[in-house]
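Commentary on secondary and tertiary structure
This is what each chain is made of:
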Amino acid sequence: MKTYRLCRDLEVEEGYDLVIAGGGPAGCAAAIAAGRLGARVLLAEAMGCLGGMGTSGLVSEFDPMANGEVMLAGGIMREIIETMCTRGFLPDCSEPHRWRKDDHRYTPFQPEGLKLILDELVLGANVAVRFFTRVIDADMENAGMVNGVIIHNIEGYKFIKAKTFIDATGDAVLANICGATCREAGKDTPDIMPPTLCALFGGIDWQYTRFIYKECVPDTQSENIAKAIEEGMFTQPDYHLPGMSKIDTNLGALNGGHLYNTNAVNNASLTKAMFWGRKIVREYEVFYKKYFKGFENLQLVSTAALLGVRESRRILGEYELDYEDFKARRKFSDQIAVFAKAVDKHPASCSIEEYKKHRERFDKTDKYAVGEYYGIPYGVLVPRGFKNLWVAGRCVSADVMVHASLRVQPACSMMGQAAGTAAVQSMETDKTAGELDMVQLVETLRKNGAYLPQEHLNPAITRSWKKLYQYDTAWFLKNTHEQH
Ligand SMILES: Cc1cc2nc3c(=O)[nH]c(=O)nc-3n(C[C@H](O)[C@H](O)[C@H](O)COP(=O)(O)OP(=O)(O)OC[C@H]3O[C@@H](n4cnc5c(N)ncnc54)[C@H](O)[C@@H]3O)c2cc1C
């Protein structure tokens, strides 16, 4: 391999307790939580705003936050949605019971409103934010101990030294650089859940629209998509259309057009998906204009700047939450969040049979009854064997089925809050990520608004020993020996 010398030495910046890569729902919640607990936090975000997929990706809808009985998404997520409501950043169809109590209901929002609220929250928590800044490399002091990260922005390259680190990039970029074991879509799974390039539309007269199960998508959408496919309107016959949601008086956000076989950790593939996504969005514009009353003057405002990636890389953590856990509605003494969204694993092709199976799973097999939930244990945030690195958001340690439930914004925000809180506890108690006292962590999260109903608390972390043993016996034996 050829190597090149850099023209300049790396400038070193010190003085941070915690560096967070990525300012999506997970990274923002981690930064706000840690900042409020007094840590000196640097949040590096590749784009020019916070919110990740919810803003730069135009995914303008929060997934269900309650289970028909209680609101599961507490803490910072709850604060965000309540503030957005008070400030008028939700469409007029949104009633608080939708996120506070109802079962499986979505809450659309205005992306510009979310950007503003997140700006205010991070500034209020004294977080040092660096936009247009990418974490591109890292320095490891010894196995499992990160010494610092290299960032790149308009000022060039810089080495940032800190005590702790959180990877909230969605794609486990930092954990992968640091050598954490990762599962990769299409390599460790049979196929890849396709991404979508979302888009914002104006000129909609919503008064003629009746809404379906999500209460923000036109009710005749599925029958119309079938007609349009028969008519040859689309370059690919994709029956699976999540839909156009009402996000403001005459605005709609489109989640439509699966970009099949895109590999989100391959740059050429990502680039191709952006070209393809922008082309497909135009086909949906023609579709909505033709088939829906009130959409005749539909106008494309913008396609997203960030590709809507559903599946890329996930770490192998101290615990890997799997489908058996999901089906068993498993609870953990060290759960740092609870959640109830159905498994939403989008099929990897546009076959109608696959789509029908998906609907059956999503609406029946993998949908919880009212009042049910599963626990997300702390160990999903800790890359196996790492001491001062946590991962939060859609790249945590879960199999592909559970990933398809917890990859959504409310769950990512709750996991981010837990990671930020854990990093601070680790510095304050001088314990590594794998040694933290779970009773203290759960109690701090509860104090800061998290809904964690477990009665029994245990200081120890729940680990997937069996899986860790199967994956790397030598590592397992060394670590179990150290523990007992
Ligand atoms: C098409 C689609 C529709 C969806 N629909 C919904 C929905 O209706 N409701 C819902 O709640 N969820 C939905 N989701 C899921 C949800 O939006 C994402 O999974 C969630 O935002 C993930 O949060 P995150 O914080 O892990 O990552 P992201 O939101 O992806 O944020 C990661 C951030 O990290 C930044 N970043 C990446 N690499 C680096 C780096 N090296 N250095 C610095 N910054 C970096 C990115 O720019 C980004 O801002 C949808 C997802 C997709 C793709």
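Residues numbered from 1 in each chain as written. Predicted model: local features only at pLDDT ≥ 70, side-chain atom pairs only at ≥ 80, totals over all residues. Heavy atoms only, no water.

Our focus in this paragraph is the nonpolar core. In this structure, Leu321, Ile336, Ile376, Tyr378, Leu381, Trp390 and Leu406 are the most contacted members of the largest nonpolar core, which totals 111 residues. Look past the residues within four positions of Leu381 in its chain and what remains in contact with it is Ile315, Ile336, Leu389, Trp390, Val391, Ala392, Val396, Met415, Ala418 and Ala419. Among the nonpolar cores identified, the runner-up in size contains 35 residues, and Met53, Phe201, Leu259 and Ile280 belong to it. (Core = buried A, V, L, I, M, F, W, Y, C linked by side-chain atoms within 4.5 Å. Buried < 20%, exposed > 50% of the residue type's maximum accessible area, 1.4 Å probe, protein only. Contact = heavy atoms within 4.5 Å.)

Within the fold, Gly52 resides in the loop between β2 (41-44) and β3 (61-62). Look at Gly52 and you get buried, because its relative accessible area is 10%. Residues contacting Gly52, with those up to four places away along its chain left out, are Gly23, Gly24, Gly57 and Leu306. (Helix = DSSP H or I, 4+ residues; strand = E, 2+ residues; numbered from the N terminus.)

For the rest of this paragraph, the subject is the packing of aromatic side chains. By the definition in use, this model includes 16 aromatic pairs. Here Phe292 and Phe295 contribute two aromatic rings whose centre-to-centre distance is 5.6 Å and whose plane-to-plane angle is 50 degrees, an arrangement assigned as tilted. The residues Phe292 and Phe295 share a single accessibility class, namely buried. Here a set of aromatic residues connected by ring pairs shows up, and it is made of Trp206, Phe234, Tyr284, Phe287, Tyr288, Tyr291, Phe292 and Phe295. (Phe/Tyr/Trp six-rings, centres within 6.5 Å; stacked < 30°, edge-to-face > 60°.)

This part covers helix α12 (residues 438-447). By the burial criterion, the buried members of α12 are Met438, Leu441, Val442, Thr444 and Leu445. Each buried residue of α12 sits inside an arc of 160 degrees when the element is viewed along its axis, so together they form one side. Where α12 starts, the residue carrying a side-chain oxygen 2.8 Å from the main-chain nitrogen of Val439 turns out to be Asp437. Positive backbone phi, approximately 95 degrees, marks Gly449, located one or two places after α12. (Arc of directions from axis to C-beta. Polar contact = N/O pair within 3.5 Å; in protein donor to acceptor, adjacent residues only side chain to side chain.)

What follows deals with the site of the ligand. Taken together, 35 residues lie near the ligand, and Glu45, Glu61, Asp63, Arg394 and Arg407 sit nearest. At 2.7 Å from an oxygen atom of the ligand is found a side-chain nitrogen or oxygen belonging to Glu45. For the ligand, an oxygen atom lies 3.0 Å from a polar atom in the backbone of Met53. Protein chains bury 96% of the 1,000 Å² of accessible surface belonging to the ligand in isolation. Put simply, the parts of the chain that give the shell around the ligand at least two residues each are α1 (25-36), β3, β6 (134-142) and α11 (409-429). Ranked by the residues each element gives to the shell around the ligand, the list is headed by α11, at three residues. Of the residues that constitute the shell around the ligand, the class distribution is 16 nonpolar, 12 polar and seven charged. (Near = heavy atom within 4 Å. Areas by Shrake-Rupley, 256 points an atom, 1.4 Å probe, with all protein chains shown as cover. Nonpolar A, V, L, I, M, F, W, Y, C, P; charged D, E, K, R; others polar.)

With that settled, the discussion passes to a nonpolar patch on the surface. A cluster of nonpolar side chains, Leu6, Leu10, Ile136 and Tyr157, forms an exposed patch at the surface whose accessible area comes to about 330 Å². Mapped onto the elements of the fold, Leu6 is located in the segment before β1 (11-21). A relative accessible area of 48% means that Leu6 is categorised as partly exposed. (Patch = residues over 30% accessible without salt bridge, like charges linked within 9 Å, V, L, I, M, F, W, Y side chains within 5 Å. Salt bridge = Lys/Arg side-chain N within 4 Å of Asp/Glu carboxyl O.)

This next bit is on the pattern of salt bridges. Side-chain pairs of opposite charge can arise whenever the charged atoms involved come near each other. Overall, the coordinates contain 30 salt bridges when judged by the stated rule. The closest approach of N and O atoms between Lys341 and Asp344, which form a salt bridge, is 3.0 Å. With relative accessibility at 2%, the residue Lys341 sits in the buried group. Look at Asp344 and you get buried, because its relative accessible area is 9%. One salt bridge connects Arg359 with Asp363, and the closest N-O pair in it is separated by 2.9 Å. Separated by four residues within a single helix, Arg359 and Asp363 lie in helix α9 (residues 352-365), roughly one turn from each other. A relative accessible area of 38% places Asp363 in the partly exposed class.

On to the confidence of the model for the protein chain, then. Of all residues in the protein chain, 94% attain a pLDDT of 70 or more, and the chain-wide mean is 93. Summarising per-element confidence for the protein chain, the mean pLDDT is lowest in helix α14 (residues 473-483) (58) and highest in α1 (99). (pLDDT = per-residue confidence, 0-100.)

Turning to the packing of α11 against α12, a few remarks are in order. For the pair α11 and α12, interaxial distance at closest approach is 10 Å and the crossing angle is 125 degrees. Of the possible angle classes, the one that applies to α11 and α12 is oblique. In terms of crossing hand, the pair formed by α11 and α12 is right-handed. Facing Gln417, Ala418, Thr421, Ala422, Gln425 and Thr429 of α11, the residues of α12 in contact are Gln440, Leu441, Thr444 and Leu445. (Axes fitted to C-alpha atoms, helices over the stretch in contact; angles between N-to-C directions. Parallel < 35°, antiparallel > 145°, perpendicular 65-115°, else oblique. Left-handed = near helix turned anticlockwise from the far one by under 90°.)

Looking now at helix α2 (residues 75-86). Taking 1.5 Å of rise per residue, the 12 residues of α2 would be expected to cover 16 Å, and the 17 Å separating its terminal C-alpha atoms lies within 8% of that figure. For α2, the set of buried residues is Gly75, Ile76, Met77, Ile80, Ile81, Glu82 and Met84. Where α2 ends, the next residue or the one after it, Gly88, has phi of about 80 degrees, a positive value. (Expected span 1.5 Å × (residues − 1).)

Let us look at the domain arrangement of the protein chain. One can read the domain layout of the protein chain as domain 1 (7-190 + 311-484) and domain 2 (199-303). The straight-line distance from the C-alpha centre of domain 1 to that of domain 2 is 29 Å. Between domain 1 and domain 2 the total buried area reaches about 2,100 Å² when both faces are included, carbon and sulfur atoms providing 61% of it. A per-residue breakdown of the area domain 1 buries against domain 2 is headed by Leu58, Cys350 and Tyr355, which together make up 25% of the total. For the interface between domain 1 and domain 2, the tally reads zero salt bridges. Taken together, domain 1 and domain 2 are joined by three residue pairs in polar contact (both at pLDDT 80 or more). Top element by residues in the side of domain 1 that touches domain 2 is α9. It accounts for five residues. Partitioned by chemical class, the residues of the side of domain 1 that touches domain 2 number 13 nonpolar, six polar and eight charged. (Domains from an automatic or database assignment. Buried area = accessible area lost by both parts, 1.4 Å probe.)

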